[in-house]
Each structure stands twice: as C-alpha cells, then as structure tokens.
Amino acid sequence: MWFKQLSFYPISKGKTPEQHTLQKALNDAAFAPCQGLEWFSEGFVAPVDTRPEELAFVVQHSVQVALKKEEKVLPSGVINDVLNDKIFHIEQEEARNVGRKEKQALKEQITDDLLPRAFTRSGRTQALFDAKRDFLLINQSTPNKAEGMLSKLRQCLGGLEAALPKTQMSVSTLMTTWLNQKEAAGNFVLDSDCELKGVGEAAATVRVSKQDLTADEIRAHLDNKTVTQLGLIWDDKIRFVLTQDFAFKRIQFLDVLQEEASNEGEDKETLIAASQIIMCESLGQMIEELLSHLGGLETK
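These remarks concern the structure in this document. Fair warning: this is a prediction, and the values are worked out from it, not measured in the lab.

Description of the overall build of the protein
Now for step 1: The helix and strand tally for the protein stands at eight helices and eleven strands.
Now for step 2: Taking 300 residues into account, the globule formula puts the C-alpha radius of gyration at 19 Å, and the protein, at 25 Å, lies well above it.
Now for step 3: Over its C-alpha atoms, taken along the principal directions, the protein stretches across nearly 80 × 50 × 40 Å.
Now for step 4: If you sum the accessible surface of the protein, you get close to 16400 Å²; carbon and sulfur atoms cover 46% of it.

Okay, here's the thing in structure tokens:
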C-alpha cells in the first residue's frame, strides 16, 4: 500500500472527479485479459484485494485506483527458430529459395499462430486522488509510466485538468541552495545522497551516496554544478530522494507513521484504510510545504 516512488500532479482547483463519477468511469474502463491476437491490454482493477468488486477505494478525502497492464511475451528467438525451420523445409521439399517478401509473410503468419499461446507478464500502477488538496499522486517516478496512468484516467473520465507542477523557483535551484548552505529549511533536513551535474552535454556528473552532505568536500563539488537529486527527510516521518523534475524516489515511511497506522487498524481492511489516510495526509502536507519553499505553483 505504501508508495515507494511518486509523481505529483496538481489538479485544477475543484476539478478532482467526484467519487461516483470516478467509480462509473473506472467500471467502464475495467481490465480484461489479452485475447487472441492482442499484444497487450490495460484497464483498471481493484486496488485493495479485500474489496475485489470496487475499482476505487474511498477513505475520507482520498481515493485509490490501480491500473493493470498485461503484455504478451513472444521472444524473437522463438519466432526465428520456427521461421528458419519452415524455410528449411520449403527449400528442401520445393527445391527453391525463399525470398525476402515470402520470409516476411511467413514470419507474420508464425507470429499470429504463436501469439494466442504466448506467456503474459503484467504490472500495475497505483494512484491516489487527494480531494482535499486537488492533488493526484501516482506511485511512479518514471515519467512515461506516470503519464501512462494520467493518460488512461483522462481517457476514461473524458478529461482531467492535471499537469506536471510548474513552480516559481525550480526544484534544482532550491536543492542547490539547500546543499550550498548545508541545511534544508522548515521540516526538511538533508539526508545522505545527492546527484550533481555540470552545464553542457559532456559535463561531469557526481553521485554521492551515504555521505555527510554538510561536509566541505561535498560543497566543493558545487562549483559550476547544480543539484539534480537530493536525499531529504521530512518531519522525521518520510525519507526520500527528490529529483529536479519534482518526482520522489526511494520513499520510506518511517516508524512513527507505520506505528500510527498499526494502532488504527484492527484487521486487514481497516489497516489498509488507516494506511491510506495517513499516507495521503502526510504526502499532502509534505508537498504543500515543499511548494511553499519553491514559491508556490505558477499561476496561469
């Protein structure tokens, strides 16, 4: 349940979808397994296994959804082995060479024959609507995968006014300032990892792991470089690595939050619900504070 990575999308004020609207839209875009000659399939599934019939898990002002993608696995080596065997028999039995166009046609036929029997692999991406703040939180830090979830939500809802955050100050500038002054601000403190990049395509990249970020040798690396990733701890509750794209990697919800959820949960379902409330509220507060240090979101 606890997110391990995060992409953050602010939603236009008051445009977070209503719960009943979201439920209906997700049902209309429910997942169905790959059939016949389909290479892949994606759709929404129940985010919580204790409620397999509900495609949106609603707790207070938070709504969790999950997008499942299934893909056929048909290695090119398998296709080529069958193709080469087919070509060999044709050339032997018909005493002729198989041309390029015929090879391509045979390959397509073999692919169609093998595809219904191919293995499948699947994965899922979770997302959380925070209706209190009009935030969409996606459990992905990879841009393409996060955008895949957003695109599917837009498709099933007929539109969703959400976009990557644009702030008054760049995230990289803020991270560079904090590392340069050897301390973060507010409830944030420096952790032990960072990445710095110079200017230009051939510029050097410096990666620091499990080091004291206040040490003088770390500050020396800042000459002609900016911080592109920075390890931080927020309010002794969440440890993470912030990227210049306002994504969060390697998120850890620390013991104080885990224990709070455990104390609220009497069984599996109430534990899941408590974890969702606490995670949504903690991430929401953390992002709001981070936005304040960045001067807030740009206004249109």
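Anyway, onward from the coordinates.
Brief notes about the packing of aromatic side chains
Now for step 1: Across all of its chains, the model carries seven aromatic pairs by this definition.
Now for step 2: Grouped by ring-pair contacts, the aromatic residues Phe8, Phe135, Trp178, Phe188, Phe240, Phe246 and Phe248 constitute a single cluster.
Now for step 3: Just above the ring of Phe40 sits the side chain of Lys69; from NZ or CZ to the centre is 5.3 Å.

What to know about helix H1 (residues 19-28)
An α-helix turns once per 3.6 residues; consequently, residues spaced three or four apart project the same way.
Now for step 1: All of the buried residues along H1 are Leu22, Ala25 and Leu26. Down the axis of H1, the smallest arc covering the buried residues is 100°, so these residues share one side. Opposite the buried face of H1, at more than 90 degrees from it, the exposed residues are His20, Lys24 and Asp28.
Now for step 2: Where H1 is buried, its residues meet strand S2 (40-45), strand S4 (62-73), strand S5 (119-130) and helix H4 (143-157).

As for helix H8 (residues 268-293)
Now for step 1: Taking 1.5 Å per residue, 26 residues should reach 38 Å; H8 reaches 37 Å between its end C-alpha atoms and fits that length.
Now for step 2: You can read the cap of H8 off the contacts: a side-chain oxygen lies 3.3 Å from the backbone nitrogen of Glu269, and it is on Asp267.
Now for step 3: Of the residues trailing H8, Gly295 is marked for its positive phi of about 85°.

Thoughts on the environment of Gln60
Now for step 1: One can find Gln60 in the loop between strand S3 (57-59) and S4.
Now for step 2: Classification of Gln60 by relative accessible area gives exposed; the value is 56%.

Observations regarding the pairing of strand S1 (residues 6-10)
Now for step 1: The buried fraction of S1 is high, at five of five residues.
Now for step 2: In terms of strand pairing, S1 meets strand S11 (residues 247-253) through two bridges, oriented antiparallel. Residue Ser7 lies in a different strand from S11, and its bridge partner there is Ala247.
Now for step 3: As paired elements, S1 and strand S6 (residues 135-138) share four bridges and run antiparallel to each other. Along S6, the bridge assignment pairs Pro10 with Phe135.

Remarks on the pattern of salt bridges
Now for step 1: Taken as a whole and assessed by the stated rule, the structure comprises 16 salt bridges.
Now for step 2: Asp235 serves as the salt-bridge partner of Lys237, at 3.4 Å between the closest nitrogen and oxygen.

Section: unusual backbone geometry
Now for step 1: The backbone of Ala95 shows a phi angle near 55°, a positive value even though the residue is not glycine.
Now for step 2: Here Ala95 is to be found in the loop between helix H2 (76-94) and helix H3 (100-114).
Now for step 3: Backbone geometry at Phe246 places phi at a positive 65°, although glycine is not the residue there.
Now for step 4: Among the structural elements, Phe246 can be located in the loop between strand S10 (238-243) and S11.
Now for step 5: Residue classification places Phe246 among the buried positions, given a relative accessible area of 3%.

With respect to the side chain of Gln126
Now for step 1: Turning to its location among the elements, Gln126 is positioned in strand S5.
Now for step 2: What makes Gln126 buried here is its relative accessible area of 17%.
Now for step 3: At a separation of 3.0 Å, a polar atom in the side chain of Gln126 contacts the side chain of Gln64.
Now for step 4: When near neighbours in sequence (up to four residues on either side) are disregarded, Gln126 contacts Met1, Phe3, Gln64, Val65, Ala66, Leu137, Ile138, Asn139 and Met149.

Observations concerning the layout of surface pockets
Now for step 1: The computed volume of the second largest pocket comes to approximately 320 Å³.
Now for step 2: Lining the second largest pocket we find 14 residues, and of these Lys69, Gly123, Thr125, Gln140 and Lys145 sit closest to its centre.
Now for step 3: Those elements giving two or more residues to the lining of the second largest pocket turn out to be S4, S5 and H4.
Now for step 4: Its residues assigned to classes, the lining of the second largest pocket shows two nonpolar, six polar and six charged.

Here we look at the environment of Asp235
Now for step 1: Position of Asp235 relative to the elements: it lies in the loop between strand S9 (225-234) and S10.
Now for step 2: It is 8.7 Å that separates the C-alpha atoms of Asp235 and Gly186, two residues lying 49 residues apart in sequence.

Conventions and cut-offs
- Residues numbered from 1 in each chain as written.
- Predicted model: local features only at pLDDT ≥ 70, side-chain atom pairs only at ≥ 80, totals over all residues.
- Heavy atoms only, no water.
- Helix = DSSP H or I, 4+ residues; strand = E, 2+ residues; numbered from the N terminus.
- Rg over C-alpha atoms; globule rule 2.2 N^0.38 Å.
- Areas by Shrake-Rupley, 256 points an atom, 1.4 Å probe, with all protein chains shown as cover.
- Phe/Tyr/Trp six-rings, centres within 6.5 Å; stacked < 30°, edge-to-face > 60°.
- Lys NZ or Arg CZ within 6 Å of the ring centre and 35° of its normal.
- Buried < 20%, exposed > 50% of the residue type's maximum accessible area, 1.4 Å probe, protein only.
- Arc of directions from axis to C-beta.
- Contact = heavy atoms within 4.5 Å.
- Expected span 1.5 Å × (residues − 1).
- Polar contact = N/O pair within 3.5 Å; in protein donor to acceptor, adjacent residues only side chain to side chain.
- Pairing = 2+ DSSP bridges.
- Salt bridge = Lys/Arg side-chain N within 4 Å of Asp/Glu carboxyl O.
- 1 Å grid on protein atoms, 1.4 Å probe; cavity = no way out; pocket = protein on both sides within 12 Å on 5 of 7 lines; lining within 4 Å.
- Points joined across faces, edges and corners; volume = space filled by probe spheres on them.
- Nonpolar A, V, L, I, M, F, W, Y, C, P; charged D, E, K, R; others polar.

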